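Each chain, letter by letter, is given below.
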Amino acid sequence: MKRLFIAVAIACSTLMMLQSCSSTKNAASGISGGRGTVTGTWVLNNVTLEGLPDQAVQGLFGEKSYKCFQGSVWKLTNSGNGSYTLPASSSCGEVMQTIFWSATPADETFQFKKIYEGDKAKNITEGYRLVISQLSKGNMVLKSPIEFGGKTANIVLTFSPAVN
């Protein structure tokens, strides 16, 4: 009985030690840095669909088409205030939208809500939550999960820092 107890104690200690030595979730997912890494001016270089046909996505973030976001500029200040500007194209008009944003890279979340003239961020109850897939000073990838065909699909937004 004593030997069994010692063997179980050694096995539990070994498991605890192996668990404490495992890599963190963020290191495995490509996220480095904190909220400050998100702060700055970003250009949305690429919008792709994972597990979604093109015709399944009517719009994005309340705008006409997800394609309108290609080339958009996102300004994210440290205070949480920000904006995005969609470029004018043949199918999309130029749009500048004020937002209030927050990011928690440790939880892999980026969220924002649209702020219209006269609104206060604390009074807005609707917004958008995205998953931070990759984050570094030179790259940010956000995913907007969508239920499609009984599975989770994603609209993938790939950003790079704006060149000033």
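As shown above, the structure is provided for reference.
What you see is a predicted model, and the numbers here were worked out from it, not measured in a lab.

Asks: Let's hear about the pairing of strand β2 (residues 73-76): which residues, and what values?
Replies: Of the two faces of β2, only one is covered, namely that formed by W74 and L76; the face formed by V73 and K75 stays uncovered. Strand direction decides the pairing type here: strand β1 (residues 40-50) and β2, joined by 4 bridges, are antiparallel. Note that in β2 the partner of T41 across the bridge is K75. Bridging between β2 and strand β3 (residues 81-86) involves 4 bridges; their strand directions are antiparallel. Each residue of the ladder has a partner; that of W74, found in β3, is Y84. The antiparallel hairpin formed by β2 and β3 contains 4 residues in its connecting segment, where G80 sits at a positive phi of about 100°.

Asks: Can you explain the pattern of salt bridges? Please cite residues and give values.
Replies: Scanning the entire structure with this criterion turns up 3 salt bridges. Note that D54 is salt-bridged to K67, the shortest N-O span being 3.3 Å. Here the residue D54 occupies a position in the loop between β1 and β2, and K67 occupies one in the loop between β1 and β2, the gap between them amounting to 13 residues.

Asks: Talk me through the side chain of S72; I want residue IDs and the actual numbers.
Replies: Looking at the element boundaries, S72 is found in the loop between β1 and β2. Given the relative accessible area of 0%, S72 is considered buried. Among the polar contacts listed, one links the side chain of S72 to the backbone oxygen of F69, at a separation of 2.8 Å. Dropping the residues within four chain positions of it, S72 is found in contact with W42, V43, L44, T85, L86 and P87.

Conventions used here
- Residues numbered from 1 in each chain as written.
- Predicted model: local features only at pLDDT ≥ 70, side-chain atom pairs only at ≥ 80, totals over all residues.
- Heavy atoms only, no water.
- Buried < 20%, exposed > 50% of the residue type's maximum accessible area, 1.4 Å probe, protein only.
- Helix = DSSP H or I, 4+ residues; strand = E, 2+ residues; numbered from the N terminus.
- Pairing = 2+ DSSP bridges.
- Salt bridge = Lys/Arg side-chain N within 4 Å of Asp/Glu carboxyl O.
- Polar contact = N/O pair within 3.5 Å; in protein donor to acceptor, adjacent residues only side chain to side chain.
- Contact = heavy atoms within 4.5 Å.

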